Amino acid sequence: MADRESTDAELLAAYRTGKKDALGELITRYERPLYAFILRMASPSDADDVYQETWVRAIRALGTFDDRKPLSWLFRIARNLVVDRSRRSHRWVPLESESGEDRWPSGRPGPAEQAAGTDLGVRIRQAVDELPRDQREVFLMRTEGDLSFKEIARLQQVSINTALARMQYALDKLRTKLKDTFEEETR
Amino acid sequence: MSSVKTCEAIRRLMLLADSGELEAEDRQALAGHLDSCAPCRRIQDENRQLLALVRTHRGRTAPALSVAALEGKAKRRLLLFRVPMMVCAVAALFLALLGSGQRLLPLIGIEGPSAPARSALLDEWQFWMVSSLTPQNESTAATAFESEWNQRDFARHLLVLEGLLPDEEATVIDEEYPESTPGALPPITLRGCNTPALLRS
């Protein structure tokens, strides 16, 4: 973990000295977790824009960025962008909402996506999308970004116990919804 | 956290163990509990299977991004942000210079607007407006009636403050024949709202 962190710092330092390739490497490194997070937090039609905008904002702020956790920082930018977009489209909901109904617009797959994706993939995605926003966010930060609960708590501005509770609720719900699915898979 | 032994607390320790945030002492407590608690063991297994399943079924892949395009966009944004900021800064500087320039005008012999006189005028005007509000009861109506003669004097006073009428020319107008008073300004007519309500009725 320590090696990877120092490499991130080195890449950032290299980019600041004018080496463009360093940024390309960072983008490739964080492409999967960042995009997976955005895809499930924003609507599918917004996901590409939010992803690109996250990097544009990151580039603008790179000069002042002083953190050894670029992914945590990128998640924060993406999260703020999704919240902004949600507010602008008048579909904003309170941050502390725990209810499953009042969450931000989720990336539910449309008919075309359902046809294109596997049935299992669609079921998983639907189950994740049905989680309340706060729980979905913790779940995705943990599973996609591999962020520690300490980092997640800092990003969500809650205590580590709250972050743990949200993850626990998310897992309970997903286990109930997908139990048949993963039991079939593991047979 | 090491002293907590309920299944609920143990399940949180499981999460911390998976994220590598569990301390050695708690790790022992977790292992001890799992050895003796079949339901917690089952939940741990199910959680691991679930996470593996979710990780292997991700959605679509991210669009390819070009560093040059991202940098270009970032630079354009910076310009879009900086230009209005610079315009605002120039406007603020201009206003500040204008304000300080007005204060400097008298020093170089040019007479600028008389700020203190205007300020005093405004203060008095405000006072007059307040005092000329329609009275709500008999007592204030009487007061307003008695002070009505002052309003004409006050109008002259305003003209003196504005520099339109020198002090010595503040001629007293003959109320019976205002037009016949030589050099007098036409009397100031009072608006209807200045008349006390009780007198109107």
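Residues numbered from 1 in each chain as written. Chains lettered and ligands numbered in written order. Predicted model: local features only at pLDDT ≥ 70, side-chain atom pairs only at ≥ 80, totals over all residues.

Caption draft 1: Focus on the overall build of chain B. Secondary structure summary: chain B contains 8 helices and 0 strands in total. Order of helices (α) and strands (β) in chain B, N terminus to C terminus: α-α-α-α-α-α-α-α. Expressed as a percentage of its 201 residues, the buried residues of chain B come to 9%. Look at the contacts in chain B between residues 6 or more apart in sequence, and 49% of them connect residues 24 or more apart. (Helix = DSSP H or I, 4+ residues; strand = E, 2+ residues; numbered from the N terminus. Buried ≥ 20, exposed ≤ 12 C-beta atoms within 10 Å, placed from the backbone. Contact = placed C-beta atoms within 7 Å.)

Caption draft 2: Seen up close, the overall build of chain A. Along the backbone of chain A there are 9 helices and 0 strands. Each helix (α) and strand (β) of chain A, taken in turn from the N terminus, gives the series α-α-α-α-α-α-α-α-α. Residues counted as buried form 36% of the 187 residues belonging to chain A. Taking contacts inside chain A between residues at least 6 apart in sequence as the whole, the part at least 24 apart equals 62%.

Caption draft 3: Focus on the nonpolar core. Residues and elements named next belong to chain A. Grouped together as the largest cluster of nonpolar side chains are 53 residues, with contacts concentrated most on L34, F37, I38, V50, A78 and M167. At 11 residues, the largest contribution of residues to this core is made by helix α2 (residues 20–41). When residues no more than four places from it in sequence are discounted, the contact partners of F37 are F75, A78, L140, M141, E144 and G145. (Core = buried A, V, L, I, M, F, W, Y, C linked by C-beta atoms within 7 Å.)

Caption draft 4: Here's a closer look at the interface of chain A and chain B. The interface of chain A with chain B comprises 34 residues on the first partner and 28 residues on the second. Elements represented by at least two residues in the side of chain A that touches chain B include exactly α2, α3 (44–61), α6 (119–129), α7 (133–143), α8 (149–156) and α9 (160–186) of chain A. A total of 10 residues in the side of chain A that touches chain B trace back to one element, the largest contributor, which is α9 of chain A. A per-class count over the side of chain A that touches chain B returns 18 nonpolar, 7 polar and 9 charged. (Nonpolar A, V, L, I, M, F, W, Y, C, P; charged D, E, K, R; others polar.)

Caption draft 5: Quick peek at the confidence of the model for chain B. Residue and element names in this part refer to chain B. Looking at chain B as a whole, its pLDDT mean stands at 70, while 49% of the residues score no less than 70. Low confidence marks residues 180–201, where pLDDT is under 50. Its contacts with residues over four positions away, or in another chain, come to 32 contacts. Confidence estimates for the predicted assembly give a pTM of 0.59 and an ipTM of 0.73. (pLDDT = per-residue confidence, 0-100.)

Caption draft 6: Representation of the packing of α3 of chain A against helix α4 (residues 70–88) of chain A in the model. All names here are of chain A. At a minimum axis separation of 9 Å, α3 and α4 run at an interaxial angle of 130°. For the element pair α3 / α4, the angle class is oblique. Pair α3 / α4 crosses with right-handed handedness. Seen from α3, the contacting residues are D46, V50, E53, T54, R57 and A58; seen from α4, they are L74, I77, A78, L81, V82 and R85. Of the residues belonging to the contact of α3 with α4, the class tally is 7 nonpolar, 1 polar and 4 charged. (Axes fitted to C-alpha atoms, helices over the stretch in contact; angles between N-to-C directions. Parallel < 35°, antiparallel > 145°, perpendicular 65-115°, else oblique. Left-handed = near helix turned anticlockwise from the far one by under 90°.)

Caption draft 7: Molecular detail of unusual backbone geometry. Residue and element names in this part refer to chain A. Its identity is not glycine, yet D146 carries a phi of approximately 55°, on the positive side. As for its position among the elements, D146 is in the loop between α7 and α8. Using a count of 14 C-beta atoms within 10 Å as the deciding quantity, one classes D146 as partly exposed. Residue Q157 is not a glycine yet carries a positive backbone phi of 55°. Relative to the helices and strands, Q157 is located in the loop between α8 and α9.

Caption draft 8: Inspection of the environment of A13 of chain A at higher detail. Residue and element names in this part refer to chain A. Mapped onto the elements of the fold, A13 is located in helix α1 (residues 2–16). Taking the number of C-beta atoms within 10 Å as the measure of exposure, A13 has 11 and is therefore exposed. For A13 and G63, which are 50 residues apart along the polypeptide, the C-alpha to C-alpha distance reads 9.7 Å.

Caption draft 9: Fine view of the packing of helix α1 (residues 7–18) of chain B against helix α2 (residues 24–36) of chain B. All names here are of chain B. Relative orientation of the contacting elements α1 and α2 amounts to 120°, with a least axis distance of 10 Å. In this view, α1 runs oblique relative to α2, as classed from their interaxial angle. For the element pair α1 and α2, the recorded crossing hand is left-handed. Contact residues: I10, L13, M14 and A17 in α1; D26, R27, A29, L30 and H33 in α2. In terms of residue class, the contact of α1 with α2 is built from 6 nonpolar, 1 polar and 2 charged.

Caption draft 10: Molecular detail of α2 of chain A. With 22 residues, α2 of chain A should cover 32 Å at 1.5 Å per step; its first-to-last C-alpha distance of 29 Å lies within 8% of that length. At E31 of chain A, α2 of chain A shows its strongest bend, of approximately 55°, with the proline P33 of chain A following within four residues. (Expected span 1.5 Å × (residues − 1). Bend = angle between axes of the 7 residues up to and from the residue.)

Caption draft 11: Just α1 of chain B, in detail. Residue and element names in this part refer to chain B. With 12 residues, α1 should cover 16 Å at 1.5 Å per step; its first-to-last C-alpha distance of 17 Å lies within 8% of that length. When we look at burial in α1, the residues that qualify are I10, R11, R12, L13, M14, L15 and L16. The positive-phi residue at the C-terminal boundary of α1 is G20, with phi of around 75°.

Caption draft 12: Geometry of the confidence of the model for chain A. When pLDDT is averaged along chain A, the result is 79, and 76% of the positions lie at 70 or above. Here residues 92–108 of chain A is modelled with pLDDT under 50, and outside its nearest four sequence neighbours on either side it reaches 34 contacts, counting other chains as well.

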